[in-house]
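Report on the structure
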Amino acid sequence: QVQLVESGGGLVQAGGSLSLSCAVSGRTFSNYVMGWFRQAPGKEREFVAAITGSGGQTYYADSVKGRFTISRENDKNTVYLQMNSLKPEDTAVYSCAADDRGSYTVRSGVANFWGQGTQVTVSS
């Protein structure tokens, strides 16, 4: 069983930055494509970013491209999401996801393993 635990959410003013972490336990971390998703109140969950097992390829939603950076440290079993130039519309619960079936599976939102999420609130 793979377990994911997010941390690093909080309240920040527009234009500010936050860094999220997702610690993973259970199996060989480097086998897993990792992703970040978010869900705002009253909206569907949406893809934010993903990174392959080696870290060699990354994917971003257009809404965060150029502002957010996904990265991973395989020796620490952790994936990160650095969020800069935050906007009020970035307010959401952010969750990480993991799957060993490839990046398309993760980006499609059907990963096998999910964390509980961490709240990010951006004030205007």
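The structure reproduced in this document is the subject of the present report. (Residues numbered from 1 in each chain as written. Predicted model: local features only at pLDDT ≥ 70, side-chain atom pairs only at ≥ 80, totals over all residues. Heavy atoms only, no water.)

Section: the side chain of S103
Tracing the chain through its elements places S103 in helix α1 (residues 103-107). In this structure the side chain of S103 is engaged in a polar contact, spanning 3.3 Å, whose partner is the side chain of Y59. (Helix = DSSP H or I, 4+ residues; strand = E, 2+ residues; numbered from the N terminus. Polar contact = N/O pair within 3.5 Å; in protein donor to acceptor, adjacent residues only side chain to side chain.)

Some thoughts on the pattern of salt bridges
A full pass over the atoms with the stated rule returns six salt bridges. A salt bridge links D62 to K65, with the shortest nitrogen-to-oxygen separation between them at 3.2 Å. For D62, a relative accessible area of 66% corresponds to the exposed category. In this structure, the salt-bridge partner of D99 is R101, at a minimum N-O distance of 2.8 Å. (Salt bridge = Lys/Arg side-chain N within 4 Å of Asp/Glu carboxyl O. Buried < 20%, exposed > 50% of the residue type's maximum accessible area, 1.4 Å probe, protein only.)

Observations concerning the pairing of strand β7 (residues 68-73)
Burial of β7 is one-sided: the residues F68, I70 and R72 facing one way are buried, the residues T69, S71 and E73 facing the other way are not. Across six bridges, β7 lies against strand β8 (residues 78-83) in antiparallel orientation. Along β8, the bridge assignment pairs R72 with V79. Linking β7 back to β8 in an antiparallel pair, the connection comprises four residues, with N77 at a positive phi of about 50°. (Pairing = 2+ DSSP bridges.)

Topic: the nonpolar core
Core analysis: the biggest nonpolar cluster contains 38 residues, and L4, M34, W36, L81, M83 and Y94 have the highest contact counts within it. Counting residues per element, the ones that place at least two in this core are β3 (18-25), β4 (33-39), β5 (46-51), β7, β8, β9 (92-99) and β11 (118-123). For L81, the contacting residues outside a window of four places in its chain are L18, S19, L20, W36, V48, A49, F68, T69, I70 and Y94. (Core = buried A, V, L, I, M, F, W, Y, C linked by side-chain atoms within 4.5 Å. Contact = heavy atoms within 4.5 Å.)

A look at the environment of G53
Among the secondary structure elements, G53 is positioned in the loop between β5 and β6 (58-60). On a C-alpha basis, the gap between G53 and T121 in space is 29 Å, while along the polypeptide they are 68 residues apart. Ignoring sequence-local partners within four residues, the contact set of G53 consists of S30, Y32, V33, R72 and N74.

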